[in-house]
Amino acid sequence: MPKRLRARPANWVLLIISSSLVIGGLVVASAIKPLPSYLVASSTIPTGTLVSGAAISTAEVDLGSLSEAYVTSSTPIDGLSVTAVIGQGELIPLRLVGKGLRPDQTAIRFVPNLKPAESIVAGSVVSVWQVTETEDGFVPQRIVSVSEVLAIEFGDGLFAEDAPDVELLLNLDQSTLVLAAVAAGYPIYVLPLP
């Protein structure tokens, strides 16, 4: 019977096999590792809403280097509110979460002279107009070019008005103009922006 000699595999073959095993192990290990869970707005979250009371859900996403910029499910959110509107389906950024409004912001609630359009809801962007009487007749003037609607609340009951209370987020200059128009008794209108 002839004897067969077994040839030892070449070093490069051993190197390829061992590299494949290491890479395969890393792929399996990374597939088993759970992804971080981030908070997502289930519906549009208007400015000033408490994060804990907002409609939120979680999503497991690998954001890589951006992971520090968004609120995770383990981030403490008690007492924190949204400082700018967050759209439905968006991740909640840490920069838009804080304790109250910015120092240059205020909220004003008033009843416009005409019921706002049906498309205006909390989180909508609107402009505010007043109508003044001059020698040439009635002249419309825009007093606030862009503002966010924080809330719209219709009254209920027998003596409720047709127009709702509208709460707007304004800067200090805009709030002065709106308060002056309300104090002067000018007709005020809230119009949607495209």
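J.: Could you give an account of the overall build of the protein chain, with specific residues and numbers?
T.: Each helix and strand counted, the protein chain has two helices and nine strands in total. Going from N to C terminus, the protein chain has its helices and strands arranged as α-β-β-β-β-β-β-β-β-α-β. Over its C-alpha trace the protein chain gives a radius of gyration of 30 Å, far above what one expects of a compact globule, namely 16 Å for 194 residues. Along the three orthogonal principal directions, the C-alpha set of the protein chain runs to about 125 × 35 × 30 Å. The 194 residues of the protein chain split such that 30% are buried. Approximately 12,900 Å² of the protein chain is accessible, and the part contributed by carbon and sulfur atoms is 59%. Counting 11 positive and 18 negative side-chain charges, the protein chain places the centres of these two groups 36 Å from one another.

J.: Can you explain the pairing of strand β6 (residues 125–134)? Please cite residues and give values.
T.: Regular strands show a simple pattern: their side chains alternate between the two faces of the sheet. Relative to strand β7 (residues 137–153), β6 runs antiparallel, the two being bridged by nine bridges. Residue Thr134 lies in a different strand from β7, and its bridge partner there is Gly137. In textbook terms, the turn of a hairpin is the stretch between consecutive antiparallel strands, and for β6 and β7 this stretch comprises two residues. As defined by bridge partners, β6 adjoins strand β9 (residues 188–192) across five bridges and the pair is classed as antiparallel. Residue Gln130 lies in a different strand from β9, and its bridge partner there is Ile188.

Rules and cut-offs
Residues numbered from 1 in each chain as written. Predicted model: local features only at pLDDT ≥ 70, side-chain atom pairs only at ≥ 80, totals over all residues. Heavy atoms only, no water. Helix = DSSP H or I, 4+ residues; strand = E, 2+ residues; numbered from the N terminus. Rg over C-alpha atoms; globule rule 2.2 N^0.38 Å. Buried < 20%, exposed > 50% of the residue type's maximum accessible area, 1.4 Å probe, protein only. Areas by Shrake-Rupley, 256 points an atom, 1.4 Å probe, with all protein chains shown as cover. Lys, Arg positive; Asp, Glu negative; His and termini not counted. Charge placed at Lys NZ, Arg CZ, Asp CG, Glu CD. Pairing = 2+ DSSP bridges.

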